[in-house]
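Each chain, written out:
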Amino acid sequence: MTRRVISRAAAALVALLATPLAAATVDVIPRPLSVVAGSGTGVRIDPATAIVVPTGDAGATRAARELTTLLGTRAGKATVAGQGDAVVFARGDVTGGPEAYRLTLANHRATVTAATDAGLLYGAVTLWQLATAADQPATGPVDLAPLTIVDAPRFAWRGLLLDSARHYQSPAFIRRMLDWMALHKLNTLQWHLTDDQGWRLEIKHYPRLTSVGGFRVGRDGKPYGGFYTQAEVRAIVAYAAERNITIVPEIEMPGHALAAIRAYPKVGFAGVDAAAQGDWGVFPSIYRTDDATYAFLTTILGEVVDLFPSKVIAIGGDEAVKTQWHADAATQAQMHALGLADETALQAWFVRRIGTYLNDHGRQLIGWDEILDGGGLPVNDTVLSWHGADGALAAVRAGHDVVMATAPTLYFDNRQSSLPSESIGRGSVIALVDVYAYDPGDPPLPKGVAKVPLTDAERAHIIGLQANIWTEHMATEANVERMALPRAAAVAESGWTAAPLRDWTNFESRLPAQFARYRALGLDADEGAVEVAIRGRRDGDSVRVRLASQTGLGDIRYTTDGSDPGPASTVAAGQIVVPLGTTVRAATFAGGLRVSGVASRSFTQAALRYRVSQKLRPCTDRVVINLVGPGGPFFADIMDTCWLWPAADLDGVTAISAGVAVIPFNFQLGDDLKTVTLRPPATPAGELVVRLDSCTGPILATLPLASVRAGEVTPLTAPLSVSGTHDLCLATTGRTPDPLHVLGWVRLEAAK
Ligand code: ACM
């Protein structure tokens, strides 16, 4: 099928073009397949440059319009070519499959050639990136050197998943996301439209799915909801198609089904309190396996197939808790009548039945890797691999197409850095470099699993990769955008760029221009990769300061006089020593341009004795989350509310203050709830207990939690007196996990 032809053709092209010139760097992400420098004259882009499209060619006209929009006031207008410089869009075959294009800059012409609309669009995007390269002026005319780029993707599926079920995003936001996905040559958006916490897709046949299932009341008592009408969905799907993006709808089954079951209780089992619907985690709610529920689900899928032209339709299949099937007599009787050994086999039967429905309607099924459990998955079903790559490779060997969507590296609900400026997310840090290092064609295997090389035929079944933006902890659209960018750029390069051309250092050198583009487009990319972390330790009347960024890109420049650092400010080399009381401001610069925002830290005595929760260390690493909440975020392990302040300077300290918040424990943990660490309280409301040197050390202070009020961070204070430098352990006590007491900040109070 076409997908495999693409990767084989691209591989052949790499072999053909593997000359030193083929690897030349242009400031383009994802890195193109072949770049060959030309000679003579290139092309000038300015308002006089003509932009020429074949008469009546709608795809070329769209690509030209995209280019003029991106270039803004620097661009010419779509017109007929005159004597001056011109950008010409032309139809013609280019090796490398349906997304391939050629871009030639020579003799006052930029010529974008492609057989497809996708190729013309991607050629336009590459031309815009050349015009916004780091060595080009930020405004005014651009002169581009002569060259030829021949480009095609390594993988057919270069995707992101957007979870619109846990939190809803507006159609305008989704269009904005599709816009920037196209600028990364990302071509697939898996749209997670249903889950326990919400049903977001209008289904004409079952209006309660959205009128009831689209809205929840969280444990915080706040109603929350929203959904997409079919008219909105059709418009979004068409908008995506114009940008070469396929929207793959995901309708979760048999688990992750609470919202639908709340709307139509007969398709599930009793048992989940509607008040818990805003909880995160895995609910036990599962669809029935009877014919009535099959009719319900296939009626829904009938409307889904009508709305979404995607060849594959995602049906979830993950994390289906089977206790309700196990406990239900009718389900057990059906299972035995079907000759199925257990509930896992029953799920496999259920998935096959749904897959057959999709096949009968001209579509194919894609699901998370649990659809392999129980065996018998039809070979034309595609697997989304989120568990270890060993399972994915077994699926590939069995002949399934596989999309690598591996946790935790491709889970964009993880933080990008440990800087306090990271707003939300799971505690693990998945840095830009980690995402870049992930090669879907050679995925890292779990420890102890031996690597068995794939044959070419097997390898061709790895059709690409997808990063998943799960939104349990991303309540706002701004959060989603920040968690996606710039990591989507690494996904784009892993999906597009030929394996021999993948190189982190080279990618890093193209980041300054990419950050500048994000800024110019008004996109709020996370700067955890380049922002300066300012760390300091007091040494008498001085502070020893270290400045570092996650990537080490460019130079770090700093000031100590309160001004913003500029390209001429001092470069930080090694440790710097400043007097106590100094404010250090620092930023990353590359090629004379500021790449990061300005980080600032005041090294007063008081500031050194204050830490937000993100600067403390959770005592355990079980389910660490930067939790959203009034006055937050709060960095905590929800399984054990305990924090360490290593090497606290306690000389002169007379008291300890802590800002504590109380938030609902809204996590469905199943049996794991029993493993939450609970420390016996001395009073009914519990305490925050401060211990010396370790969490079993002597108690230094006890701060009663009784006065902590919901909706704020309540300051608590207790005397504390000990000298020297010691680790401090701060842990809450309480009889139940709910509510959750979390630290916002801690301050050591001194007499002066
Ligand atoms: C998943 O993360 N449950 C696919």
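Shown above is the structure to which this text applies.
Residues numbered from 1 in each chain as written. Predicted model: local features only at pLDDT ≥ 70, side-chain atom pairs only at ≥ 80, totals over all residues. Heavy atoms only, no water.

A. Highlighting the environment of Trp643. Among the structural elements, Trp643 can be located in strand β36 (residues 642-649). The spatial distance from the C-alpha of Trp643 to the C-alpha of Phe515 is 35 Å, given a sequence separation of 128 residues. (Helix = DSSP H or I, 4+ residues; strand = E, 2+ residues; numbered from the N terminus.)

B. Molecular detail of unusual backbone geometry. Going from Ile29 to Pro30, the amide bond is cis rather than trans, its omega being 0 degrees. Topologically, Pro30 is positioned in the loop between α1 (2-16) and β1 (34-37). Backbone geometry at Lys185 places phi at a positive 60 degrees, although glycine is not the residue there. Within the secondary structure layout, Lys185 lies in the loop between α4 (171-183) and β10 (188-192). Even without glycine at this site, His256 takes up a positive phi of about 50 degrees. Structurally, His256 can be placed in the loop between β15 (246-253) and α7 (258-263).

C. Main features of the packing of helix α2 (residues 58-71) against helix α3 (residues 117-131). Where α2 contacts α3, the two axes come as close as 8 Å, and the packing angle between them is 20 degrees. Relative to α3, the element α2 lies roughly parallel. Once α2 is placed against α3, the crossing between them reads as right-handed. Every residue of α3 that contacts α2 at Gly59, Ala60, Arg62, Ala63, Glu66, Leu67, Leu70 and Leu71 is listed here: Asp117, Leu120, Leu121, Ala124, Leu127, Trp128 and Ala131. Classifying every residue of the contact of α2 with α3 by side-chain character gives 11 nonpolar, 1 polar and 3 charged. (Axes fitted to C-alpha atoms, helices over the stretch in contact; angles between N-to-C directions. Parallel < 35°, antiparallel > 145°, perpendicular 65-115°, else oblique. Left-handed = near helix turned anticlockwise from the far one by under 90°. Contact = heavy atoms within 4.5 Å. Nonpolar A, V, L, I, M, F, W, Y, C, P; charged D, E, K, R; others polar.)

D. Quick peek at the nonpolar core. Core analysis: the biggest nonpolar cluster contains 144 residues, and Phe89, Leu160, Trp199, Leu201, Leu209, Tyr287 and Phe308 have the highest contact counts within it. If you tally residues by element for this core, the top one is α3, at 9 residues. Not counting residues within four places of it along the chain, the set of residues in contact with Leu201 comprises Leu193, Thr210, Tyr228, Val233, Ile251, Val304, Leu307 and Phe308. Within the second largest apolar cluster, 39 residues are counted, among which are Ala658, Leu688, Leu730 and Leu748. (Core = buried A, V, L, I, M, F, W, Y, C linked by side-chain atoms within 4.5 Å. Buried < 20%, exposed > 50% of the residue type's maximum accessible area, 1.4 Å probe, protein only.)

E. The arrangement of the side chain of Asn506 in detail. Along the polypeptide, Asn506 turns up in helix α17 (residues 504-509). Taking the relative accessible area as the measure of exposure, Asn506 reaches 12% and is therefore buried. Among the polar contacts listed, one links the side chain of Asn506 to the side chain of Thr25, at a separation of 2.7 Å. Each residue touching Asn506, except ones within four places of it in the same chain, is listed here: Thr25 and Arg31. (Polar contact = N/O pair within 3.5 Å; in protein donor to acceptor, adjacent residues only side chain to side chain.)

F. Summary view of the pattern of salt bridges. Tallied over the entire structure, the rule returns 31 salt bridges. Between Asp117 and Arg91 there is a salt bridge whose closest N-O contact spans 2.7 Å. Within this pair, whereas Asp117 is found in helix α3, its partner Arg91 is found in strand β4 (residues 86-91), the two being separated by 26 residues in sequence. Two residues, Arg166 and Asp163, come together in a salt bridge whose shortest N-O distance is 2.9 Å. It is possible to trace a salt-bridge network through shared partners that takes in Asp57, Arg62, Arg91 and Asp117. (Salt bridge = Lys/Arg side-chain N within 4 Å of Asp/Glu carboxyl O.)

G. A look at the sheet that holds strand β39 (residues 687-692). Pairing is antiparallel across the open sheet formed by 5 strands, whose spatial order is β33-β36-β42-β39-β40. Of all the strands in the sheet, just β33 (617-618) and β40 (699-704) have a single pairing partner and so form its edges. Pairing of β39 with β40, which is carried by 5 bridges, proceeds in the antiparallel orientation. Residue Val690 lies in a different strand from β40, and its bridge partner there is Ala701. (Pairing = 2+ DSSP bridges.)

H. Examining the environment of Leu627 more closely. Mapped onto the elements, Leu627 comes out in strand β34 (residues 624-627). We classify Leu627 as buried; its relative accessible area is 5%. Along the backbone, Leu627 and Ser285 are 342 residues apart, and their C-alpha atoms lie at a distance of 25 Å. Leave out the neighbours within four places in its chain, and Leu627 touches Pro633, Phe634, Ala636, Ile638, Ile663, Phe667, Leu740 and Val742.

I. How the structure looks around the state of the cysteines. Applying the stated rule across the entire model yields 2 disulfides. Between the sulfur atoms of Cys619 and its disulfide mate Cys642 the distance is 2.1 Å. Between Cys619 and Cys642 the disulfide shows an S-S torsion of about -70 degrees. By sign, it is left-handed. Placement of the pair is Cys619 in the loop between β33 and β34 and Cys642 in strand β36, with a sequence separation of 23 residues. One disulfide in the model links Cys695 with Cys729; its S-S distance is 2.1 Å. Disulfide Cys695-Cys729: torsion about the S-S bond near 100 degrees, hence right-handed. With Cys695 in the loop between β39 and β40 and Cys729 in strand β42 (residues 725-732), the pair connects residues that are 34 residues apart, well separated along the chain. Here Cys695 falls in the partly exposed class, since its relative accessible area comes to 32%. Taken in N- to C-terminal order, the disulfide-linked cysteines of the protein chain are connected 1-2, 3-4. (Disulfide = S-S within 2.5 Å.)

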